[in-house]
Amino acid sequence: MTEQTAVSKTCRIELESFEGPLDLLLYLLRRDEIDIYDIPVAHVANQYLMYIRRAVELDLDVASEYLVMAATLTRMKSKALLPSRRIDGEEEADPGAELRRQLILYRTFRQIAEELQRSEETWTEIYTSPGERERWSGDSIEIEPGQASLLDLLKALNSLSEEEPELPSQKIQRTLLTISECISTLEKSIEPGKNISFRTIVGSKPARSKIVSYFITILELIRRGWVVCYQAYPFSEIEIQRTERWSVDS
Amino acid sequence: MILDRLAREVEALIFASEEPLSIQQLCEFTGSGDDSIHQALDRLNKTFSDQQHALTIIEVAGGFRIATDSEFGDVVSQLFEGRKPGKLSRAALETMAVIAYSQPCTRMAIESIRGVNCDSAIRTLLERDMIRISGRMETPGRPLLYSTTKTFLEYFGLSNLDHLPRFDEIEELLGMSSSELEERDLFGSGEE
């Protein structure tokens, strides 16, 4: 492994360990010991952008959500740099307020998720009787009329298609009919100066591959000028006539 | 302790029931009042612990159930090997948290809180029967609404939705404007 891929791998793991841009921002705030109520916009924006830029440089697939946040932070940063225009008595809305609200909300739910995880930890060790046994037994659970959801129907459909018995396999022999083989057959079956119909050449109930092979052969023979073809009207029988050139050339 | 008739009836009912039995059902089937049922449950659990049984009666998803002690989780899990689904991912847990507190809610609402696409997390939760589609919001596009299920309560050992931690505070938080938020810090600003 080259150094470059090693670095890219660590970075990928790092970015993937975050549950989105808000998670990454919270991490940066905690790392730099920043109070969520007093975010130095320029500093945080720089740190965030550095992270994203590194990921982009390493040619990682950065989810669009991260890029949207990068744009938002850049805008906030530039706004913070500009002198604020103050309309009489009205205070300029704090550009960080919405971000702060998002961060606090997300942090709250992340904490709940952690609590849920602790409950999960405890409760997966506890077994009740007999509900769980049924749930995991894989047997179909009876659903009351009107209670089936779309998901239930999809599950049922999926299990049906899984159960479909395997069709008995059959080996299909592929018969190869080369153009040169066709030509030598035709050489024997078409007498000089006489007409023969295409139907006669391929015979009755021919395989599709046979029709195609002979048709291409006829086209090849026309190109060489070894046969002439006649057709009375579209889709009617094709009559093939051998020319003198066939015997001369070959 | 020798168990009385009522306690043993309660024990039998809970053991044989497919679903968690509510206090009302226990009252109805035994012909006793709330208080006597609660006392019977206490006597049963005391007997279980006194005699060092591996079982307890717990309250979950709106009713009572007989459950094994977590101490025996490893042993019992062998019964369900390969069938018991794995633990939920962080993305699924976060999505679960948002749905639990703001249900019924749309995918958009979840994504605006988490700041990321939640499609696969929602799909996982639907497949595991933790959430269900509970309707559509009557707004343009009529997006689907998601709510939690009884399986969710059982999985996390909650007896009902009111037992979710800090329920009221989060409801307030969700409806709060950003300026109001600044005046209130639920978790203390020093935490992050």
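Refer to the structure above for everything that follows.
Residues numbered from 1 in each chain as written. Chains lettered and ligands numbered in written order. Predicted model: local features only at pLDDT ≥ 70, side-chain atom pairs only at ≥ 80, totals over all residues.

### Focus: the overall build of chain B
Logical step 1: Looking only at helices and strands, chain B features 10 helices and four strands.
Logical step 2: Its helices and strands in sequence order give chain B the pattern α-α-α-β-β-α-α-α-α-β-β-α-α-α, from N to C terminus.
Logical step 3: Long-range contacts, defined here as pairs at least 24 residues apart, represent 49% of the contacts in chain B between residues at least 6 apart. (Helix = DSSP H or I, 4+ residues; strand = E, 2+ residues; numbered from the N terminus. Contact = placed C-beta atoms within 7 Å.)

### Describing the nonpolar core
Soluble globular proteins: nonpolar side chains tend toward being buried together.
Logical step 1: Core analysis: the biggest nonpolar cluster contains 52 residues, and Phe109(A), Met96(B), Ala97(B), Val98(B) and Ile99(B) have the highest contact counts within it.
Logical step 2: Among the elements of the structure, α2 (21–31), α3 (41–57), α4 (64–81) and α5 (97–123) of chain A together with α5 (90–102), α6 (107–114), α7 (119–127) and α8 (150–155) of chain B are those that each provide at least two residues to this core.
Logical step 3: Ignoring anything within four residues of it in the chain, the contact list for Ala97(B) reads Phe109(A), Ile112(A), Ala113(A) and Leu116(A).
Logical step 4: In this structure, Ala7(B), Leu21(B), Ala40(B) and Ile57(B) belong to the second largest nonpolar core, which totals 11 residues. (Core = buried A, V, L, I, M, F, W, Y, C linked by C-beta atoms within 7 Å. Buried ≥ 20, exposed ≤ 12 C-beta atoms within 10 Å, placed from the backbone.)

### Things to note about the interface of chain A and chain B
Logical step 1: With 46 residues of chain A in contact, the opposing surface of chain B contributes 44 residues.
Logical step 2: Those elements giving two or more residues to the side of chain A that touches chain B turn out to be α2, α5, α6 (131–137) and α7 (150–163) of chain A.
Logical step 3: Per element, the largest residue contribution to the side of chain A that touches chain B is 22 residues, and it comes from α5(A).
Logical step 4: Here the side of chain A that touches chain B is composed, by residue class, of 21 nonpolar, 13 polar and 12 charged. (Nonpolar A, V, L, I, M, F, W, Y, C, P; charged D, E, K, R; others polar.)

### Focus: the packing of α2(A) against α3(A)
Residues and elements named next belong to chain A.
Logical step 1: Where α2 contacts α3, the two axes come as close as 10 Å, and the packing angle between them is 120°. As far as their axial angle goes, α3 and α2 are oblique. Considering how the two elements wind past one another, α2 and α3 form a crossing that is right-handed. Taking contact as the criterion, the partners of Leu24, Leu25 and Leu28 in α2 are, on α3, Val44, Gln47, Tyr48 and Tyr51. (Axes fitted to C-alpha atoms, helices over the stretch in contact; angles between N-to-C directions. Parallel < 35°, antiparallel > 145°, perpendicular 65-115°, else oblique. Left-handed = near helix turned anticlockwise from the far one by under 90°.)

### Remarks on the sheet that holds strand β1 (residues 195–197) of chain A
Sheets are built from strands paired through backbone hydrogen bonds, the pairs being either parallel or antiparallel.
All names here are of chain A.
Logical step 1: In space, the three strands of this open sheet follow the order β1-β3-β2, with antiparallel pairing throughout. The sheet is open, and its two edges are formed by β1 and β2 (227–231), each paired on a single side. When strand polarity is set aside, the average angle formed by the axes of neighbouring strands in this sheet is 30°.
Logical step 2: When β2 meets strand β3 (residues 238–242), the two strands line up antiparallel, connected through five bridges. When the bridges of β3 are listed, valine 227 appears paired with arginine 242.
Logical step 3: Of the strands in this sheet, β2 and β3 are in contact with helix α10 (residues 208–224), which crosses β2 at around 120°. (Pairing = 2+ DSSP bridges.)

### Details of unusual backbone geometry
Logical step 1: Cis geometry marks the peptide bond from Gln103(B) to Pro104(B), where omega comes out at -10°.
Logical step 2: Along the polypeptide, Pro104(B) turns up in the loop between α5 and α6.
Logical step 3: A positive phi angle, near 50°, is found at Glu33(A), a position not held by glycine.
Logical step 4: With respect to the helices and strands, the residue Glu33(A) is situated in the loop between α2 and α3.
Logical step 5: We classify Glu33(A) as exposed; it has 8 C-beta atoms within 10 Å.
Logical step 6: For Arg142(B), which is not glycine, the phi torsion reads 35° and is therefore positive.
Logical step 7: Residue position: Arg142(B) is located in the loop between β3 (131–136) and β4 (144–148).

### Section: α7(B)
Residues and elements named next belong to chain B.
Logical step 1: Of all the positions in α7, only Ala121, Ile122 and Leu125 are classed as buried. Looking straight down α7, one finds its buried side chains confined to an arc of 100°; they lie on one side. Turned more than 90 degrees away from the buried face of α7 sit Asp119, Ser120 and Arg123, all of them exposed.
Logical step 2: Close packing links the buried residues of α7 with α5, α6, β3 and β4.
Logical step 3: Immediately downstream of α7, the backbone of aspartate 129 shows phi near 65°, a positive value. (Arc of directions from axis to C-beta.)

### Quick notes on the pairing of strand β1 (residues 55–60) of chain B
In summary, the side chains of a regular strand alternate between the two faces of the sheet.
Residue and element names in this part refer to chain B.
Logical step 1: By the bridge criterion, six bridges tie β1 to strand β2 (residues 63–68) in an arrangement that is antiparallel. Opposite glutamate 59, over in β2, you have phenylalanine 64 as the bridge partner.
Logical step 2: Connecting β1 to the antiparallel partner β2 that follows it, the hairpin turn spans two residues, and alanine 61 within it adopts a positive phi of roughly 45°.

### Re α3(A)
Residues and elements named next belong to chain A.
Logical step 1: Over its 17 residues, α3 extends 24 Å from the first C-alpha to the last, a length consistent with the 24 Å expected when each residue adds 1.5 Å.
Logical step 2: Those residues of α3 that sit buried are Val44, Ala45, Tyr48 and Tyr51. Down the axis of α3, the buried set is contained in an arc of 130°. They therefore lie on one face. In α3, the exposed residues that point more than 90 degrees away from the buried face are Met50, Arg53 and Glu57.
Logical step 3: Along its buried surface, α3 packs onto α2 and α4. (Expected span 1.5 Å × (residues − 1).)

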